[in-house]
Each structure stands twice: as C-alpha cells, then as structure tokens.
Amino acid sequence: MSAGVRTLTVRHVTVYRYSKPVALGEHRMMFRPRESHDLRLVTTRLDILPRPTHLRWLHDVFDNSVAIATFGDPTLELRFDSTVTLEHLETASPHYSLETGAQTYPFSYALDDRSELARGLVRHYPGPEVSHWAARFLSPSGSTGTMALLEAMTLGIKDEFVYVRRSEKGVQRPEDTLRRRSGSCRDFALLMMEAVRSIGLAARFVSGYVFVPETEPSARLSGGSTHAWMQVYLPGAGWVDFDPTNSIVGNRNLIRVAVAWDHSHALPLWGTFIGAASSFLGMDVQVRVTEAMSEREPVAVYHEDTKNTKKTTGF
C-alpha cells in the first residue's frame, strides 16, 4: 500500500446561451470539493457573469457546500467559472480494515448504524432485473469476501458495459442500463447503488471530478466533464468509494464534491430562467483537472468582451 499527495487544480466552466434576453431565477451550485482527512483546499475562486445581486453559502443536510445566486437584469448569457486548487491524499492500493463481522458477506449493520443508514438501504428503483444481476456476484456457497464482492461488481460494470457520455439531464433507470449495456458515469453509479442495496448494503451517490493523468490517456473516462460514482458504507472502513465507470476502488484520482442518497440532490448546478423555452440555445460545460505545476492552458476559450466581465469571488 502506498499513499501520495497530489496538488491538483480543477477548472469548471459552464455557460448557458439564450437567443434573446431572459430573466434569471435562483441558481444553486455545488462546485466546492468536500474537505476531509484526504483532501485539503488551498485556493478557490468563483467568477459569475453577469454578477449576481446576491450570493450566499450554506451546508445542506449532507454537509455539502452549496452556493445560491440570485440575479437582476435580463441577459443573453450566463457563465460560471470555478477554479479550485487542492491537495489530494490518495492511496494507490487501499486496504480497508473492516470490522471482523463485516469482512465476509452477508453481514448485518449494528442497530445504531442501521437507523442512520436507513435512507441508503432503500431501493429507489425496485424490480427483479437489478437483483438478478447483483446475484451473479454472490458466492454459491453462501458467503464471500465483502471487498472481493464489491470489487467484482465494480469491475463487472467496467468490463461489460459501454460508456456513453450524455449531456441530457437525469439518469437512466437501472433496468434500462442493463438492457442497453451502456450508459454514462451517473447511470453506472446508480446501477451499482441499486445493486448493492438489493443485497442489503447501504449506498450513496457521489458527484465530483476525476483526474486523468497524461500518462494514462485511455485508462479513465469522464475526464472532460463532471463525474459521478458511488460509496458503500462498510463497518470499520466507513464510506468507501467505488467508481464503476473506471473500475476504481478508493479515492485514487477522485475528487468528491457532493454526496446524497439520490442523484438529484447532488447536481453540480441547477437553476431557472423566465422566458420562452425556445430562447434557450444550449449549454457548454468544460472541466479540466491538472496537476497544478503542469497546468498550461485554460479549460476553454470563449469569445466575449472581457472589458465588461464582472466577477464575484466566494468560497
């Protein structure tokens, strides 16, 4: 087992474009990574154009950091530009010290833990398809190593399904992912969440970013956009990351921003506008995660009048 600290910079730019000026409703952002023993924020910056009339911050029920912006005059374009530099402590080959009773599946959570984990144990898409798929990874003998089971499931999604980047909102139902044998990172995260819940383990959704080392250009997916994976609660180890898109177990290359029982509560950005639906021209999202010392280029180039750019800094 080896651990190392990377200094990473995440630049995340989202631009909404409209054919005619629209009034903007409230917009909620989750761009700020979750600080913990394996992640420390160094510098943060958030630029918003047009400038919000008010920007406030809060922690939601999962302790995710949420920024809420309100706006004044109508606009043809809305731009969010977040840059964060952080220190990321990661373990290349993690070894989790599970409690003795949890090292072999099946096991039961302690009553106190079970009450706290109740929402993470409830399936949101009940049905036999996911249960049958999850049963493939169970040992015929009736017991198997807990980590071996979860690692096999993570690898199974990576090996058996085709990754498709999808910009539309929402997720596929898990049975649709099974039928199509393809999906986005959030579809795979949801499938594995429902699969582990079907066998009695607590799971939650994670949104954030994935670092794609230049030496591994084909080894990771979802590097140019926000990323999603899931966590399983394991006694003795706590919440453990599993990224079925890239077959990652542990936090290697993964930067957590938000966690929730359901994907709809971990959206990086959401908001409203007042105007004709046809006035919405589209949305552009660009994410770039680099080692801070090697960052040379901005995430994207936009043609705009920089003299009129107004900035709001927060975090």
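Note that the coordinates shown come from a computational prediction; the quantities given were computed from them, not determined experimentally. (Residues numbered from 1 in each chain as written. Predicted model: local features only at pLDDT ≥ 70, side-chain atom pairs only at ≥ 80, totals over all residues. Heavy atoms only, no water.)

Draft legend 1. Structural detail: the side chain of Arg256. Among the structural elements, Arg256 can be located in strand β14 (residues 254-260). Among the polar contacts listed, one links the side chain of Arg256 to the side chain of Asp38, at a separation of 2.9 Å. Arg256 has contacts with Pro33, Arg34, Ser36, Asp38, Val206, Ser207, Trp229, Gln231, Asp241 and Asn251, leaving out every residue within four places of it along the chain. (Helix = DSSP H or I, 4+ residues; strand = E, 2+ residues; numbered from the N terminus. Polar contact = N/O pair within 3.5 Å; in protein donor to acceptor, adjacent residues only side chain to side chain. Contact = heavy atoms within 4.5 Å.)

Draft legend 2. Broad picture of the layout of surface pockets. In this structure, the second largest pocket encloses a volume near 620 Å³. For the lining of the second largest pocket, the secondary-structure elements that each account for two or more residues are β5 (75-91), β12 (238-243) and β14. It is β12 that contributes the most residues to the lining of the second largest pocket, four residues altogether. Residues of the lining of the second largest pocket, tallied by class, amount to nine nonpolar, 12 polar and nine charged. (1 Å grid on protein atoms, 1.4 Å probe; cavity = no way out; pocket = protein on both sides within 12 Å on 5 of 7 lines; lining within 4 Å. Points joined across faces, edges and corners; volume = space filled by probe spheres on them. Nonpolar A, V, L, I, M, F, W, Y, C, P; charged D, E, K, R; others polar.)

Draft legend 3. Structural detail: the packing of aromatic side chains. The tally for this structure, following the rule as stated, stands at 13 aromatic pairs. Between Phe31 and Phe80 the ring centres are 6.5 Å apart and the planes differ by 65°, which places this aromatic pair in the edge-to-face class. With a gap of 49 residues between them, Phe31 in the loop between β1 (3-29) and β2 (39-49) and Phe80 in strand β5 connect regions that are remote in the sequence. With relative accessibility at 2%, the residue Phe31 sits in the buried group. Among the aromatic residues, ring-to-ring pairing joins Phe62, Phe107, Tyr109, Tyr233, Trp239 and Trp261 into one connected group. When the ring centre of Phe161 is taken as reference, the NZ or CZ atom of Arg181 above it lies at 4.3 Å. Sitting over the ring of Trp239, Arg204 keeps its end group 4.2 Å from the ring centre. (Phe/Tyr/Trp six-rings, centres within 6.5 Å; stacked < 30°, edge-to-face > 60°. Buried < 20%, exposed > 50% of the residue type's maximum accessible area, 1.4 Å probe, protein only. Lys NZ or Arg CZ within 6 Å of the ring centre and 35° of its normal.)

Draft legend 4. Representation of empty space enclosed by the protein. A full pass over the atoms with the stated rule returns one cavity of 30 Å³ or more. Taken as a whole, the largest cavity spans an internal volume of roughly 40 Å³. Surrounding the largest cavity, Met30, Ser207, Gly208, Tyr209, Thr226, His227, Val257 and Pro268 form its lining. The residue makeup of the lining of the largest cavity, split by class, is four nonpolar, four polar and no charged.

Draft legend 5. Broad picture of the packing of helix α3 (residues 128-135) against helix α6 (residues 185-198). Orientation of α3 relative to α6, taken along the N-to-C sense of each, is 80°, at an axis distance of 9 Å. In terms of orientation, α3 and α6 fall into the roughly perpendicular class. Listed contacts from α6 to Val130, Ser131, Trp133 and Ala134 of α3 are Leu191, Glu194, Ala195 and Ser198. Classifying every residue of the contact of α3 with α6 gives five nonpolar, two polar and one charged. (Axes fitted to C-alpha atoms, helices over the stretch in contact; angles between N-to-C directions. Parallel < 35°, antiparallel > 145°, perpendicular 65-115°, else oblique.)

Draft legend 6. A look at the nonpolar core. Core analysis: the largest hydrophobic core is formed by 80 residues, its most contacted members being Met29, Phe80, Val196, Leu201, Met230 and Phe242. Residue contributions to this core peak at eight residues, all from α6. Beyond its immediate stretch of four places on either side in the chain, Val196 contacts Leu150, Met153, Leu201, Ala203, Met230 and Val232. (Core = buried A, V, L, I, M, F, W, Y, C linked by side-chain atoms within 4.5 Å.)

Draft legend 7. Examining the sheet that holds strand β10 (residues 203-210) more closely. Strand order in this open sheet of five strands is β13-β12-β11-β10-β14, and the pairing throughout is antiparallel. Lying at the two open borders of the sheet, with one neighbouring strand each, are β13 (248-249) and β14. As paired strands, strand β11 (residues 227-234) and β12 are joined by five bridges and run antiparallel to one another. Note on β12: the bridge partner recorded for Gln231 is Asp241. Relative to β12, helix α4 (residues 146-160) is tilted by about 30°, and along the sheet it contacts β11, β12 and β13. Against the sheet, α6 makes contact with β10, β11 and β12, and its axis sits at roughly 15° relative to β11, the strand it touches most. (Pairing = 2+ DSSP bridges.)

Draft legend 8. View of the pattern of salt bridges. Applying the stated criterion across every chain, the model contains 16 salt bridges. For the salt bridge of Asp81 with Arg79, the shortest nitrogen-to-oxygen distance reads 3.3 Å. There is no split in this pair, since Asp81 and Arg79 are both buried. A network of salt bridges, in which partner residues are shared, links Arg6, Glu90 and Glu291. (Salt bridge = Lys/Arg side-chain N within 4 Å of Asp/Glu carboxyl O.)

Draft legend 9. Examining unusual backbone geometry more closely. Following Leu49, the chain continues to Pro50 via a peptide bond in cis, the omega torsion being 0°. Mapped onto the elements of the fold, Pro50 is located in the loop between β2 and β3 (54-59). Across the junction of Tyr105 and Pro106, the peptide omega takes the value 5°, indicating a cis bond. Within the secondary structure, Pro106 sits in the loop between β6 (104-105) and α1 (111-116). Backbone geometry places Asp63, a non-glycine residue, at a positive phi of 70°. Here Asp63 is to be found in the loop between β3 and β4 (65-70).

Everything listed here is a matter of coordinates, which is why it stays silent on function.
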